[in-house]
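One letter stands for each residue in the lines below.
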Amino acid sequence: MSMAAQGAPGYQLPWVEKYRPRRLADVVGNAATIERLQAIEANGNCPHLLVSGLPGIGKTTSVHCLAHALLGDAYKEAVLELNASDDRGIDVVRNKIKVFAQKKVSLPPNRHKIIILDEADSMTPGAQQALRRTMEIYAPTTRFCFACNQSNKIIEPIQSRCAILRFGRVSDEEVLRRLLEICEAEKVQYSDEGLAAVVFTAEGDMRQAINNLQSTWTGLGFVSPDHVFQVCDQPHPLVVREILEHCHAGRVDEALDKLDEVWELGYSCLDIVTTLFRVVKTMDSLPESVQLDFIRAIGWTHMRTLEGVATHLQLSGLIARLSQTAMDPAHLSL
Ligand SMILES: Nc1ncnc2c1ncn2[C@@H]1O[C@H](COP(=O)(O)OP(=O)(O)O)[C@@H](O)[C@H]1O
Ligand SMILES: [Mg+2]
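Residues numbered from 1 in each chain as written. Chains lettered and ligands numbered in written order. Predicted model: local features only at pLDDT ≥ 70, side-chain atom pairs only at ≥ 80, totals over all residues.

Under an unreviewed UniProt entry, the chain has the name Replication factor C subunit 4 and belongs to Malassezia sympodialis. According to its UniProt record, the chain has this under Subcellular location (unreviewed entry): "Nucleus". Recorded under Sequence similarities (unreviewed entry), the UniProt text for the chain is reproduced unchanged: "Belongs to the activator 1 small subunits family." (UniProt positions renumbered as here; feature names shortened; annotations may be inferred.)

Here is the structure:
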């Protein structure tokens with residue numbers, strides 16, 4: 001970051017960029033995968049790589065860290081990066097990528113030019129097909145790094161030419177630790193419950209966690225659960241938890257009243273069903289068999305909602321079923 005940017009009043013770099021790890025060692029989570037990348041970094045010989053996993057967990061960052069570590073000052077000249085916002089049709093593959101692959105760049109021994117194709121699953125199969133030969137012909141001088149969310153959208157012949165690395169979700173503890181570091185650096189005022197709420201809303205997506213932290217802090221000046229759920233616009237898990245507790249106690253009227261409260265705020269059926277699921281998973285106070293029955297019932301409602309019946313009636317039916325499940329004598333004996 002330039003000093004000018006730092007000094008400009010009122011200017012704030014998005015924290016996801018400001019705190020983007022620069023070295024592999026700084027990437028949080030996925031220890032085994034990062035170790036494999038570090039082994040490549042140490043050895044210098046980068047194979048064709050295919051990195052896959054959910055959004056916001058450090059795929060793009062890791063690939064860039066690796067390329068920087070391998071190429072250092074030559075990065076500018078020796079790396080071609082194309083992501084989903086660039087045109088990557090067959091013509092580009094045939095021209096731009098090929099021209100880059102043919103370009104002469106002087107590099108230290110045992111180093112290669114790197115072509116980063118980010119969000120590669122959005123490339124058409126045709127464009128992917130056109131890459132096969134290029135990958136082979138120029139392999140002595142040029143290596144490809146693909147990053148994608150779904151590796152099954154990458155055609156088989158490319159997969160078989162690559163070392164495949166999978167990124168998993170970052171654990172809640174790891175997300176929390178990272179958020180604490182950022183809070184410290186940015187002098188953010190927060191409550192522990194507030195940070196827990198940020199972690200809850202992010203569901204293992206580090207980018208979302210950092211963004212939600214920043215929007216809550218800059219928008220409302222304090223990171224508390226209420227502020228977080230206000231900014232992130234999700235049904236408040238504590239209210240949703242109350243609904244489930246009423247159901248478990250068989251208090252169907254109270255449960256329906258609470259449901260109406262959430263519904264009146266304008267949340268969609270899908271928002272509410274997915275929050276019900278995420279909350280019930282964390283309710284260790286429920287007997288396990290009840291928890292499982294609840295999850296089954298919520299799952300069915302999720303399916304019906306996705307099939308198009310996203311109504312208040314659908315949710316009321318769910319609440320009735322949950323209240324009944326809990327009244328089942330089989331569970332009362334627990
Ligand atoms: N594992 C991680 N460790 C630290 N920061 C991360 C991690 N994953 C994501 N981030 C943060 O989220 C931002 C986006 O990460 P990125 O690597 O682009 O995600 P994606 O997996 O979608 O490619 C980064 O700039 C960084 O601030
Ligand atoms: Mg990415």
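1. Quick look at the nonpolar core
If you look at the biggest cluster of nonpolar residues, it comprises 59 residues, and the most contacted ones within it are Val51, Ile114, Cys145, Phe146, Val198 and Ala209. Two domains each donate at least three residues to this core, and these are domain 1 (15–167) and domain 2 (172–232). (Core = buried A, V, L, I, M, F, W, Y, C linked by C-beta atoms within 7 Å. Buried ≥ 20, exposed ≤ 12 C-beta atoms within 10 Å, placed from the backbone. Domains from an automatic or database assignment.)

2. Topic: the domain arrangement of the chain
When its domains are assigned, the chain resolves into domain 1 (15–167), domain 2 (172–232) and domain 3 (237–327). Computed over C-alpha atoms only, the centres of domain 1 and domain 3 are separated by 43 Å.

3. Details of the site of ligand 1
Of all residues adjacent to ligand 1, which total 21 residues, the nearest are Arg20, Val28, Gly58, Thr60 and Thr61. At the level of elements, helix H2 (15–18), helix H4 (59–71) and helix H11 (206–220) are the ones that each hand at least two residues to the shell around ligand 1. Residue composition of the shell around ligand 1, by class: eleven nonpolar, five polar and five charged. Looking at which domains feed residues into the shell around ligand 1, each of domain 1 (15–167) and domain 2 (172–232) supplies at least three. (Near = placed C-beta within 6 Å. Helix = DSSP H or I, 4+ residues; strand = E, 2+ residues; numbered from the N terminus. Nonpolar A, V, L, I, M, F, W, Y, C, P; charged D, E, K, R; others polar.)

4. Some words on unusual backbone geometry
Positive phi values are uncommon outside glycine, yet Glu119 reaches one of about 45°. If you trace the backbone, Glu119 turns up in the loop between strand E3 (113–117) and helix H7 (125–137). Residue classification places Glu119 among the partly exposed residues on the basis of 19 C-beta atoms within 10 Å. For Asp233, which is not a glycine, the phi torsion comes out positive at approximately 55°. Among the structural elements, Asp233 can be located in the loop between helix H12 (225–232) and helix H13 (237–248).

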